[in-house]
Every structure is written in C-alpha cells, then in structure tokens.
Amino acid sequence: MNTSHLLDSYAHMIADRWGIDPGKPECRATSGKIPMGGSIFPKVGATHLMIGDAAGSVNPFNGEGIDYAYETARIAAGVLHDALTSGDASALQQYPALLDAEYGQYFKVARLFARVIGRPALMRELSRVGIHSRTLMEWVLRIMANLLRPDEKGPAEIAYAMAARIVRLAPNA
Ligand SMILES: Cc1cc2nc3c(=O)[nH]c(=O)nc-3n(C[C@H](O)[C@H](O)[C@H](O)COP(=O)(O)OP(=O)(O)OC[C@H]3O[C@@H](n4cnc5c(N)ncnc54)[C@H](O)[C@@H]3O)c2cc1C
C-alpha cells in the first residue's frame, strides 16, 4: 500500500471540513519505518539501555507500542536500580535476557503472523472466513493484542500455543 497516496486521498476527503487546500501542503509528507518485534540490537551497552521504540518494542501484530514502552522502561528501571544499589554496572547486562523472557516468544509468533498475512491471497482468504465469525474475531483479537490468559486454555490460547510450537521447531520461521 502506498501510504503517500493514502494520505493524499485523506487530505482530499477532509479538505472542506478542515478548510485546507490539499494541493498546497505546509511541507512535504515524510515517513519512516518503526522497528517492531524487538528487532533492534544491541539493547544494552556498558552504560545505556534501550527501551520502547528505540528497542523495537512494538507489537508486529498491530503496531502497538505504548504499553511496551512503559513495560520495557519498568524492566530497565529494575536493572538500573540493581546496578546503582550494588555499584556493579554489569547488572545492566541482565536486561536482554529479561526482555527475551517477557516478549521473545510472543514477538516470534507475531513475526510469523506478519509474514503470513503479508501474502495477499492468504490475507484475503483469512479475512473472508474470519470476518463473518464474531467468536473467531474475538480469539484473533486476544492473540493480536497480547491479551492471552495463561491460566485459561481457550481456543485462542491453544491456537497461540500451536503457533509458538511452530516457531520453536522452525527458529527461522
Ligand atoms: C501514528 C501513530 C499511531 C500510533 N498508534 C498507537 C496506538 O494506537 N497504540 C499503541 O500502543 N501505539 C501506537 N503507536 C506507537 C506508539 O506511539 C509508540 O510505540 C510509543 O509512543 C513509543 O514510546 P517511546 O517512549 O519508546 O517513544 P516516543 O513516544 O517516540 O518518545 C520518544 C521521545 O524522545 C524524544 N526525543 C527524540 N530524540 C531526542 C533527543 N535527541 N533528545 C531529547 N529527546 C528526544 C521525542 O521527541 C519523544 O518525545 C503509534 C505510533 C504512531 C506513529
């Protein structure tokens, strides 16, 4: 999808209501990719830690990054506290393992999902079937928004566990 064209169409759509002239933008539209799925490395140096978007902590299922920014900041604050109270900067080096324990598997499953829906034919078919089923959509939403309930074993948790098994068996998936 060409997002510049999309923005252009949107500007034309709202032109009258917003009183703007889409033909005379204030500046040229620019864009950049947000790294997702924890894809930034290294996340720790001798004296710094990467959190939030800077660490690629964005959910590839849906582009959400606000909660991950808060959560990674909290984890970072914990190791920073350990380093400061112990006087040992090497405590910072626990950080990547803590992130991996929290998000590693979920982000791998999400990357696999992003690759699957990146195929238009598959996406079309999945949408065609899925959109008509409220129950299925609710399961999918639970997986995509990382709202799985580890203490419950519903269809969403089972589907996620199967996807997790695939990424474990095929680490490059
Ligand atoms: C259009 C859009 C819609 C989004 N919608 C959602 C959504 O609905 N839900 C959701 O969960 N996520 C959403 N996101 C993603 C979410 O906004 C980010 O993942 C989240 O804000 C990341 O938080 P952060 O603290 O890591 O980075 P940021 O919020 O980007 O904060 C970084 C801060 O650092 C400042 N900064 C940069 N360089 C310097 C510097 N050199 N010196 C000092 N300060 C500096 C920046 O000005 C900024 O204030 C959206 C993102 C975009 C772009």
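Predicted model, so just to flag it, every value in this text is computed and none were measured.

**A look at the overall build of the protein**
- Secondary structure summary: the protein contains six helices and zero strands in total.
- Overall, the protein shows an N-to-C arrangement of helices and strands of α-α-α-α-α-α.
- In terms of overall size, the protein is more extended than a compact globule, its C-alpha atoms giving a radius of gyration of 20 Å where 173 residues would be expected to give roughly 16 Å.
- Seen through its principal axes, the protein has C-alpha atoms that stretch 60 × 45 × 25 Å.

**A look at the site of the ligand**
- Around the ligand, the neighbouring residues are G52, D53, A54, V58, G63, E64, G65, I66, D67 and A69.
- Looking at the shell around the ligand residue by residue, the classes come out as four nonpolar, three polar and three charged.

**A closer look at the domain arrangement of the protein**
- Structurally, the protein comprises domain 1 (1–32) and domain 2 (33–169).
- A C-alpha centroid distance of 32 Å is found between domain 1 and domain 2.

**A closer look at the confidence of the model for the protein**
- Of the residues in the protein, 98% have a pLDDT of 70 or more, and the chain-wide mean is 90.
- For the protein, per-element mean pLDDT is lowest for helix α6 (residues 155–169), which scores 85, and highest for helix α2 (residues 66–86), which scores 97.

**A short note on the nonpolar core**
- L49, I51, A76, Y95, Y106 and A110 are the most contacted members of the largest nonpolar core, which totals 15 residues.
- Elements supplying a minimum of two residues to this core: α2 and α3 (95–117).
- The element that contributes the greatest number of residues to this core is α3, accounting for seven residues.
- Discounting chain neighbours no more than four positions away, the residues touching A110 are G37, N59, P60 and F61.

**Details of α3**
- Between the first and last C-alpha of α3 there are 31 Å, a value that for 23 residues agrees with the 33 Å anticipated at 1.5 Å per step.
- Of all bends in α3, the biggest is about 55°, found at Y103.
- What α3 keeps buried is the set Y95, L99, Y103, Y106, F107, K108, V109 and A110.
- On the buried face of α3, the contacting elements are α2 and α6.

**Some points on the environment of A163**
- As for its position among the elements, A163 is in helix α6.
- With 91 residues separating them in the primary sequence, A163 and T72 have C-alpha atoms 24 Å apart.
- Other than its neighbours up to four places away in sequence, A163 contacts V109 and L112.

**Quick look at unusual backbone geometry**
- Omega for the peptide link from F41 to P42 comes to -10°, which places this bond in the cis form.
- Relative to the helices and strands, P42 is located in the loop between α1 (3–18) and α2.
- Even without glycine at this site, N146 takes up a positive phi of about 60°.
- Taking the number of C-beta atoms within 10 Å as the measure of exposure, N146 has 17 and is therefore partly exposed.

About the cut-offs
Residues numbered from 1 in each chain as written. Predicted model: local features only at pLDDT ≥ 70, side-chain atom pairs only at ≥ 80, totals over all residues. Helix = DSSP H or I, 4+ residues; strand = E, 2+ residues; numbered from the N terminus. Rg over C-alpha atoms; globule rule 2.2 N^0.38 Å. Near = placed C-beta within 6 Å. Nonpolar A, V, L, I, M, F, W, Y, C, P; charged D, E, K, R; others polar. Domains from an automatic or database assignment. pLDDT = per-residue confidence, 0-100. Core = buried A, V, L, I, M, F, W, Y, C linked by C-beta atoms within 7 Å. Buried ≥ 20, exposed ≤ 12 C-beta atoms within 10 Å, placed from the backbone. Contact = placed C-beta atoms within 7 Å. Expected span 1.5 Å × (residues − 1). Bend = angle between axes of the 7 residues up to and from the residue.

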